[in-house]
2 protein chains.
Amino acid sequence: MEDNGTTTGAPAAGTAEELPGGRARPKTGKSEQTRALILETAMRLFQERGYDKTTMRAIAQEAGVSVGNAYYYFESKEFLIQGFYDRMTYAHALDAAARMAGERDFDARLRIALESWLDCAAEYHEFAAQFFRTAADPDSSLSPFSNESHPARATAVELFRDVLSGSDLAPKLDAELAELLPELLWLHLMVVVLYWVFDRTPDTARTREFVRRSTPLVAKLISLSRYRVFRPMVRDAKSLIQDFILPTIGRTTATRSATPPAPPRPT
Amino acid sequence: MEDNGTTTGAPAAGTAEELPGGRARPKTGKSEQTRALILETAMRLFQERGYDKTTMRAIAQEAGVSVGNAYYYFESKEFLIQGFYDRMTYAHALDAAARMAGERDFDARLRIALESWLDCAAEYHEFAAQFFRTAADPDSSLSPFSNESHPARATAVELFRDVLSGSDLAPKLDAELAELLPELLWLHLMVVVLYWVFDRTPDTARTREFVRRSTPLVAKLISLSRYRVFRPMVRDAKSLIQDFILPTIGRTTATRSATPPAPPRPT
DNA sequence: ACCCGAGCTTGAACGTGTTCAGAAACAGGG
DNA sequence: CCCTGTTTCTGAACACGTTCAAGCTCGGGT
């Protein structure tokens, strides 16, 4: 993050493909091919050996390129994870949407969404713990709160917006709260992820049980918030969240507008 | 964590000092002196240059020993942080206790305890972020949930027990909840720490404001839990916490026993 | 045909955390 | 005093992530 004034023409680690000025690229996606090859190889090795035991040299050798070449396409080893991150988020969104189709009960929808995540992430559990610490670094672009992971986060938040809006609970809530909830539910997922990462029981059974037990509570809590008695408290909580929680997560959806120009980074 | 069958006689990184079998050591604490020298030097450099920019070679040179010697006393660079961790927890406990003496209002006591932490940690904010990712590794002994950091955690939990028991709120709560609350409040601190680590505002002003705004809410929530209407919900929440949250934190205090067969997995 | 230059690729070299075979200091016992 | 075993200490060596100056490739301008 210090010396990016000399990078000649490295295709910024995102997947920005088509440049706005029409075609200036030669012709084939040869470059993209190499990039994909490296990413694919890396993810395979990560899964086979774990993150720490997969060296950049091994990735390069296995992919049939040089170490330097890997660094031409990926700023660092961490950035190779971003691919995995995006991919899994997308798979999760699809799987969850399919699974909760038809279900109207909010509690059930929420549970399905979380369990779907656990299923999608299951095969990565072992090496997830290893790169979790990387994601915990506030300076890393891999932090779930960072701007760089905005696209993946936005996708996930959108999923939870769907969880709510497709449920029979949605019409009963006041608009303001409904606007906040998707991101709060995403935070709930983050808590589950935290739990999951530390979970060492076989098949992460404990986390699964945790989800089964915690979602009804969340559902009931939200459901209760409608009643007049809680008005003052809900109001306080809402403003706390709006002022102190959401801003630190980075803009995901345009609650109003005035959003700064969302970086044109398609996933 | 793989090959600790060959360590000859390295004084285990903990602070185990006096061996139970009377004196078997030569005479002076020469060894301890070296250990302390290395630790002291490391912490000074960490504070001066930050964690990442402080190399083991620099620590060794500055302390006037060899690199290998540092590794004789500390299993890894991470372990040098444990000292800081313990020290700060202790300082916090003292400072907070002193500051809230005389205050009976629960909200105020809680706020004081948290603000005291922010003050104690202030000078380390810069490099705290750097080693935060280390603490996030579930396999690391530096994780706040690990068994190795049990002593520091127990001290902190004890502080929050005092926050509650010294307040006018304590007598009004049912015993079971009162038993759970100290660890929950500690979790609250962990959330504040998470917020703090990501906070980039000058003097972490944002976190301070977050504390001022969130503690009244927590206090009110706890206070409300007494009323009959919430009985079922509080009961559910309590059992969820007891079964799924506290066991993953590691035993700090023997709440009772009879805890469900928590898998005997000492990490 | 020539070469220009940007995109792409290389591998040696740097600085890092960590390890290891042994040297040095030290404490008794003969 | 020398031998022996333990504790303490040493610094070269290792494997890793990362950088960099230089080379290669190839389409297009002249």
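Structure: see above.
Reading the values: the criteria
Residues numbered from 1 in each chain as written. Chains lettered and ligands numbered in written order. Predicted model: local features only at pLDDT ≥ 70, side-chain atom pairs only at ≥ 80, totals over all residues. Heavy atoms only, no water. Near = heavy atom within 4 Å. Polar contact = N/O pair within 3.5 Å; in protein donor to acceptor, adjacent residues only side chain to side chain. Helix = DSSP H or I, 4+ residues; strand = E, 2+ residues; numbered from the N terminus. Nonpolar A, V, L, I, M, F, W, Y, C, P; charged D, E, K, R; others polar. Axes fitted to C-alpha atoms, helices over the stretch in contact; angles between N-to-C directions. Left-handed = near helix turned anticlockwise from the far one by under 90°. Contact = heavy atoms within 4.5 Å. Least-squares fit on C-alpha atoms with pLDDT ≥ 70 in both. Buried < 20%, exposed > 50% of the residue type's maximum accessible area, 1.4 Å probe, protein only. Salt bridge = Lys/Arg side-chain N within 4 Å of Asp/Glu carboxyl O.

Asks: Tell me what's going on with the protein's contact with DNA strand D, and back it up with residues and numbers.
Replies: For DNA strand D, the set of nearby residues contains 17 residues, the closest of which are A:Met56, A:Arg57, A:Tyr71, A:Lys77 and B:Tyr73. Here the atoms of DNA strand D within 4 Å of the protein split so that 58% fall in sugar or phosphate, with bases taking the remainder. At 2.7 Å, a side-chain N or O of A:Tyr71 approaches a phosphate oxygen of DNA strand D. Here B:Asn69 contributes a side-chain N or O atom positioned 3.2 Å from a sugar or linking oxygen of DNA strand D. Sorting elements by how many residues they give to the surface near DNA strand D places helix H3 (residues 67–73) of chain B first, with 4 residues. Residue classes in the surface near DNA strand D are distributed as 6 nonpolar, 8 polar and 3 charged.

Asks: Residues and numbers for the packing of helix H7 (residues 150–165) of chain A against helix H8 (residues 175–198) of chain A, please.
Replies: All names here are of chain A. Where H7 meets H8, the axes come as close as 8 Å, and the angle between the chain directions of the two elements is 115 degrees. In terms of crossing hand, the pair formed by H7 and H8 is right-handed. Listed contacts from H8 to Arg-153, Ala-156, Val-157, Phe-160, Arg-161 and Leu-164 of H7 are Ala-178, Glu-179, Leu-181, Pro-182, Glu-183, Leu-185, Trp-186 and Leu-189. For the contact of H7 with H8, the class distribution of residues is 10 nonpolar, no polar and 4 charged.

Asks: Can you break down the relation of the copies chain A and chain B residue by residue, with the values?
Replies: It takes a turn of 180 degrees to lay chain A on chain B, together with a shift of 0.0 Å along the axis; the resulting RMSD is 0.1 Å. Read as a symmetry element, the transformation amounts to a two-fold axis. When C-alpha distances to the rotation axis are compared across chain A, the minimum falls at A:Arg133, with a value of 2.3 Å. By residue overlap, the copies meet face to face through one surface: 97% of the interface positions of chain A are interface positions in chain B.

Asks: Talk me through helix H2 (residues 56–63) of chain A; I want residue IDs and the actual numbers.
Replies: Residue and element names in this part refer to chain A. Among all positions of H2, only Met-56, Ala-58, Ile-59, Ala-60 and Ala-63 are buried. Summarising the contacts, the buried residues of H2 are in contact with helix H1 (30–49), helix H3 (67–73) and helix H4 (79–99). The first or second residue beyond H2 is Gly-64, which carries a positive phi of 75 degrees.

Asks: With reference to specific residues and values, describe the pattern of salt bridges.
Replies: Any two side chains of opposite charge can pair, on the condition that their charged atoms come close. Across all of its chains, the model carries 35 salt bridges over all chains by this definition. Where A:Asp139 meets B:Arg200, a salt bridge forms, and the shortest distance between an N and an O atom there is 2.4 Å. Of this pair, A:Asp139 sits in the loop between helix H6 (125–135) and H7 while B:Arg200 sits in the loop between helix H8 (175–198) and helix H9 (205–224), on two different chains. Assessed through its relative accessible area of 47%, A:Asp139 is described here as partly exposed. By relative accessible area, B:Arg200 is classed as partly exposed at 48%. Its salt-bridge partner being B:Arg212, residue B:Glu209 comes within 2.9 Å of it at the nearest N-O pair. Taken together, the residues B:Glu209 and B:Arg212, both in helix H9 and 3 residues apart, mark about one turn of the helix. With relative accessibility at 30%, the residue B:Glu209 sits in the partly exposed group. Residue B:Arg212 is classed as partly exposed on the basis of its relative accessible area of 41%. Through salt bridges that share partners, A:Asp95, A:Arg99, A:Asp119 and A:Arg208 make up one connected network.

Read these as geometric descriptors, not functional statements.
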